[in-house]
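Structure at a glance
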Amino acid sequence: MKKTLITAAALSAGFTLAALAANTEGPDPHVDVTLLEEGSVTQADGLAAWERIYEVVSHPRCANCHVDETNIPMWSGPTYGEARPHGMNINAGDSRIGAETLMCSTCHITSADFDTPPNAAPRYGIDWSLAPVEFLWYGQTSVQICAQMKNPDTNGDRDWKGLVDHLVHDAEAFGPVLWGFNPSGGREPAPYGLQAHVNDMIAWGAAGQPCPTE
Ligand code: HEC
Ligand code: HEC
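Each value, and the rule that gives it
Residues numbered from 1 in each chain as written. Chains lettered and ligands numbered in written order. Predicted model: local features only at pLDDT ≥ 70, side-chain atom pairs only at ≥ 80, totals over all residues. Helix = DSSP H or I, 4+ residues; strand = E, 2+ residues; numbered from the N terminus. Buried ≥ 20, exposed ≤ 12 C-beta atoms within 10 Å, placed from the backbone. Contact = placed C-beta atoms within 7 Å. Near = placed C-beta within 6 Å. Nonpolar A, V, L, I, M, F, W, Y, C, P; charged D, E, K, R; others polar. Expected span 1.5 Å × (residues − 1). Arc of directions from axis to C-beta. Axes fitted to C-alpha atoms, helices over the stretch in contact; angles between N-to-C directions. Parallel < 35°, antiparallel > 145°, perpendicular 65-115°, else oblique. Left-handed = near helix turned anticlockwise from the far one by under 90°.

**Quick notes on the overall build of the chain**
Check the secondary structure of the chain and you find 8 helices and 2 strands. When the helices and strands of the chain are read in sequence order from the N terminus, they spell out α-α-α-α-β-β-α-α-α-α. Residues classed as buried in the chain amount to 32% of the 214 residues present. At a minimum sequence separation of 6, the contacts of the chain that also span at least 24 residues come to 63%.

Shown next as C-alpha cells:
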C-alpha cells in the first residue's frame, strides 16, 4: 500500500528526489503552494482560516515546544492527558537546545525516520530544539498568538509569505512542522493536516492577517 502511494507521489511534479532518498517510507513532505492575491479573501473567510490555524498551533504537538522563558518543554505522551512539564527535570536553557545542562539531542536524535515506539523520545530530520522564546504559543489565547504571529518583531521577521515559506521549508527538511502532523508512537497529530494548514496560512495572509478581538 505504502509503495503504491510513493510511486504515485514520485510521479507528481513537486516530489523531490532528495526527500525520496532521505525517507522512502516516512510522511510525504510535499506541499502545493498557490499564493492568493492580497485582498482576494474576505475578512470573514480570513478569520475562519485563523481559527483553524489557532487550533493547530495551540495543539500540544505544536505548542509543547513553543514555550516561555522558563525554557521548560511540555509533554503529553499518548496516555498523559493534559500537557505537563517534561519529565526528568529537562530545561532547555537560554540556548533552547539544552547546551547549559543536557542537550535535547542526547535523547531526541536527528533522523528523518519519525517512527518510534510509544513513550520513546520523538525525533525528526533537524536538530531538536525549543522554538525561540518570542514565538510563544503554549497557554496563550487566540488573540495573543495572532498578535505574535503577525508581528515581524516576534515571528522571526516574516510577512505572511515568509510564514508560508517556513512551513514549506521545514516540511522539506523533515522538521517539527512535518512531525507535528505525523507524530508516531500513538500521539495524536495536530488537526487538519499540513496541506490544509498551508492553505489556511495563505487565506489568512491574503485577507490581511485579521485577528479576533476576543
Ligand atoms: C520540537 C519543537 C517544535 C515543535 C514540536 C514545533 N515547532 Fe515550530 N518552531 C520550532 C523552532 C526551533 C522554530 C524556529 C525555527 C526558525 O525560526 O527557523 C519554530 C518556528 C516556527 C514558526 C515560525 C514563526 C512563528 O511565529 O513561530 C512557525 C510558523 C512554526 N514553528 C510552526 C509550527 C507548527 C505549525 C507546529 C506543529 C505542527 C510546530 N511549529 C511544532 C520548534 C518546534
Ligand atoms: C533524557 C532523555 C531526554 C532529553 C535529554 C530530552 N528529552 Fe524530550 N522527551 C524524552 C522522551 C522519552 C519523550 C517522550 C515522552 C512520552 O511520550 O512518554 C520526550 C518528549 C518530548 C516532547 C513532547 C512531544 C509531545 O508533543 O508530546 C517535547 C516537546 C520534548 N521532549 C522536548 C525536549 C527538549 C526541548 C529537550 C531539550 C531541552 C528535550 N526534550 C530533552 C526524552 C528526553
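**Regarding the site of ligand 2**
Around ligand 2 there are 25 residues in total, and Pro 73, Gly 77, Ala 92, Cys 104 and Cys 107 lie nearest to it. Residues belonging to the shell around ligand 2 are distributed by class as follows: 15 nonpolar, 8 polar and 2 charged.

**A word on the site of ligand 1**
Around ligand 1, a shell composed of 21 residues is seen, among which Cys 62, Cys 65, Phe 135, Pro 176 and Gly 180 lie nearest. Looking at the shell around ligand 1, the elements with two or more residues in it are helix H3 (43-57), helix H4 (60-63), helix H6 (160-172) and helix H7 (176-181). Here the element with the most residues in the shell around ligand 1 is H7; it accounts for 4 residues. Each residue belonging to the shell around ligand 1 can be placed in one class, and the counts come to 14 nonpolar, 6 polar and 1 charged.

**Some thoughts on helix H8 (residues 194-206)**
Taking 1.5 Å of rise per residue, 13 residues should cover 18 Å, and H8 covers 18 Å from first to last C-alpha, within 8% of that figure. Of all 13 residues in H8, 11 are buried, a share of seventy percent or more. Buried within H8 are the following residues: Leu 194, His 197, Val 198, Asn 199, Asp 200, Met 201, Ile 202, Ala 203, Trp 204, Gly 205 and Ala 206. Backbone geometry just after H8 places Gly 208 at a positive phi near 90 degrees.

**Overview of unusual backbone geometry**
Positive phi, normally seen in glycine, also occurs at Asp 157, with a value near 60 degrees. Here Asp 157 is to be found in the loop between helix H5 (142-150) and H6. Residue classification places Asp 157 among the exposed residues on the basis of 9 C-beta atoms within 10 Å. With a phi angle near 55 degrees, Phe 174 is a residue other than glycine that sits in the positive phi range. Mapping Phe 174 onto the fold places it in the loop between H6 and H7.

**Re H6**
Because each turn of an α-helix spans 3.6 residues, side chains separated by three or four positions end up pointing in the same direction. Look at H6: 19 Å from first C-alpha to last across 13 residues, which is about the 18 Å you get at 1.5 Å a residue. All of the buried residues in H6 are Trp 160, Leu 163, Val 164, Asp 170 and Ala 171. Seen end-on, H6 carries its buried residues on one side only, within an arc spanning 135 degrees. Phi for Phe 174, located one or two positions after H6, is positive at around 55 degrees.

**Here we look at the packing of H6 against H8**
Packing of H6 against H8 brings their axes to within 9 Å, and their N-to-C directions diverge by 170 degrees. Relative to H8, the element H6 lies roughly antiparallel. H8 is crossed by H6, and the crossing has left-handed handedness. Residues Trp 160, Lys 161, Leu 163, Val 164, Leu 167, Val 168 and Ala 171 of H6 pack against Leu 194, His 197, Val 198, Met 201, Ile 202, Trp 204 and Gly 205 of H8. Tallied by class, residues from the contact of H6 with H8 come to 11 nonpolar, 2 polar and 1 charged.

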